[in-house]
Amino acid sequence: MTTTVRITWEAAGARRAGRQFLSGPAGSGTPVAEVVGAMRGAHAQVPSAAEVSVGMRATGVTRADVRAALRDERSLIKTYGPRGTIHLLPAHELPLWSAALTAVPTGRSPFPPDVRLTEEQAAQVVAAIGDALDGRYLTLDELTEEVVARTGPWAGDRVMPAFQDMWPRWRQVMHRAGWAGTLCFGPNRGRKVTYTQPPREEWEEGEQWEGGEGGGGAAGSGGEAAAAPDRGSGTAPGAALGTFVRRYLHAYGPATPQHFARWLAAPPGWAMALFGELADSGRIEEVDFEGTPAWVAAGDTEFPDGPARGVRLLPYFDAYVIAGQPRERLFPGKAYQRALGGGQAGNYPVLLVDGVVAGVWHQRRRGRRTTVTVEPLVRLTARQQRELGEQAERVGEVLEAAAELVMGEVSTGPHA
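The present account deals with the structure reproduced in this document. (Residues numbered from 1 in each chain as written. Predicted model: local features only at pLDDT ≥ 70, side-chain atom pairs only at ≥ 80, totals over all residues. Heavy atoms only, no water.)

Attention now goes to the pairing of strand E4 (residues 86–90). Burial analysis of E4 places 5 of its 5 residues in the buried class, the great majority of the element. The side-chain alternation of E4 yields two buried faces, one formed by Ile 86, Leu 88 and Pro 90 and the other by His 87 and Leu 89. As defined by bridge partners, strand E2 (residues 42–43) adjoins E4 across 2 bridges and the pair is classed as antiparallel. When the bridges of E4 are listed, Ala 42 appears paired with Leu 88. Judged from the 5 bridges that link them, strand E3 (residues 76–80) and E4 form a sheet pairing that is antiparallel. Across the sheet, the residue bridging to Thr 79 is His 87, located in E4. Taking the residues that link successive antiparallel strands as the turn, the E3-E4 hairpin has 5 residues, and the phi of Arg 83 there is positive, at about 65°. (Buried < 20%, exposed > 50% of the residue type's maximum accessible area, 1.4 Å probe, protein only. Helix = DSSP H or I, 4+ residues; strand = E, 2+ residues; numbered from the N terminus. Pairing = 2+ DSSP bridges.)

On to the layout of surface pockets, then. Unoccupied space between atoms shows up once a probe the size of one water molecule is rolled over them. Approximately 1600 Å³ is the volume found for the largest pocket. Secondary-structure elements contributing two or more residues to the lining of the largest pocket are strand E6 (158–162), helix H8 (174–180) and helix H11 (257–264). For the lining of the largest pocket, the element with the highest residue contribution is H8, accounting for 4 residues. Estimated volume of the second largest pocket: approximately 550 Å³. Forming the walls of the second largest pocket are 23 residues, and the residues nearest its centre are Leu 70, Arg 71, Lys 78, Gly 186 and Asn 188. (1 Å grid on protein atoms, 1.4 Å probe; cavity = no way out; pocket = protein on both sides within 12 Å on 5 of 7 lines; lining within 4 Å. Points joined across faces, edges and corners; volume = space filled by probe spheres on them.)

Moving on: the side chain of Thr 151. For Thr 151, the position within the fold is in the loop between helix H7 (140–150) and E6. With relative accessibility at 19%, the residue Thr 151 sits in the buried group. Separated by 2.6 Å, the side chain of Thr 151 and the backbone oxygen of Val 147 make a polar contact. Among all residues touching Thr 151, those that are not within four sequence positions of it are Gln 124, Val 125 and Ala 128. (Polar contact = N/O pair within 3.5 Å; in protein donor to acceptor, adjacent residues only side chain to side chain. Contact = heavy atoms within 4.5 Å.)

Attention now moves to the side chain of Ser 53. Its place among the elements puts Ser 53 in helix H3 (residues 47–55). In contact with Ser 53, not counting residues within four places along its chain, are Met 39, Pro 315 and Asp 318.

This next bit is on the sheet that holds E2. Across a sheet, strands are paired by hydrogen bonds formed along the backbone, either parallel or antiparallel in direction. In spatial order, the strands read E2-E4-E3; together these 3 strands make up an open sheet with antiparallel pairing. Lying at the two open borders of the sheet, with one neighbouring strand each, are E2 and E3.

If you look at the biggest cluster of nonpolar residues, it comprises 107 residues, and the most contacted ones within it are Leu 143, Phe 260 and Phe 331. Looking at this core, the element that brings in the most residues is helix H10 (residues 237–252), giving 8 residues. When neighbours within four sequence positions are excluded, Phe 331 is seen to be in contact with Val 321, Tyr 336, Ala 339, Leu 340, Ala 345, Val 350 and Val 357. Val 311, Leu 313, Ala 358 and Leu 380 belong to the second largest nonpolar core, which has 16 residues in total. (Core = buried A, V, L, I, M, F, W, Y, C linked by side-chain atoms within 4.5 Å.)

If you walk through the whole model with that rule in mind, you get 17 salt bridges. One salt-bridge network, held together by shared partners, links Arg 15, Arg 19 and Asp 300. (Salt bridge = Lys/Arg side-chain N within 4 Å of Asp/Glu carboxyl O.)

Structure representation (structure tokens):
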């Protein structure tokens, strides 16, 4: 008879923190892309927040290093990731992300029938984006002209409500072009964002996932080899999804299908069926997580004995708080009301104490100085106050500014 492994919240939090370089930062010289891979992508809607997310996890890394990885080395790619939001992703993992994300059901459109694109139209738009961006860097207006020219006037109809404006119809599937690997962000042209295609070599030299999965690997590897389909070659999504789920569980397990679906903005029923298939094939295994059935990658059942320790400052939409579940354990007590914007994680930068949210913070930069205001929700020990001071200094280092720590109420509202 098989005995179900029992895992406590403290043990799960300690392992998650360790695997994401929050128990201790990655050593000097660790590639920035490895840190981002361990996070399963860095949310980059606010570029400075992505830079802080990465920098707080790696010794000596500043925003300049993150920018160099993105613009010069091209080891990072800025594109659309989980939930259709802008992320930094390791370039060599793009084939895996693309194969997995394009296999997720799109679900019901949130737009009225007269605004929606049909699936046929959506496919035309994604193909048109790929054709338009092949070897080119286009602004949004230029890309709109190209998409309309390749599809039809319907694509340019300004019927899509967004940020007190009306966007052209085609933009409702712009994120799907990112998932398909036909679009990523290019260098700014003055104040204007540009778009291009990811480097072709990343798709040809990406990781391999067909042909075996190991149990070891680096902190960001999930212990799996990954496979790179030739873009547009019709790769088997089952293989990609299996690897994708196991890597998610490596970083954030134990987790339920509902946790995975929430992180990905995927249909819960689809996630449950996917987990069932992976369990039947022996690629994931069930554990008891605080009395609730949850899942880890098969064989990945080693957990620390004690909870996470230490004080950390994490910015807007940090991966640890976005994906960490169950949310009521990650945001205990007062933190559940104070640090969640309408129940959504990420709207506030958070203070972590021993692996759980214990406050909020905000930084305001003026020239070469930045003021870091922290509002703790618990009483900090003398040791924790010293660590908080060090964290504030580290925020300044990442942003290449001198930091001043102020303890007090954070008056800034949730980030929209």
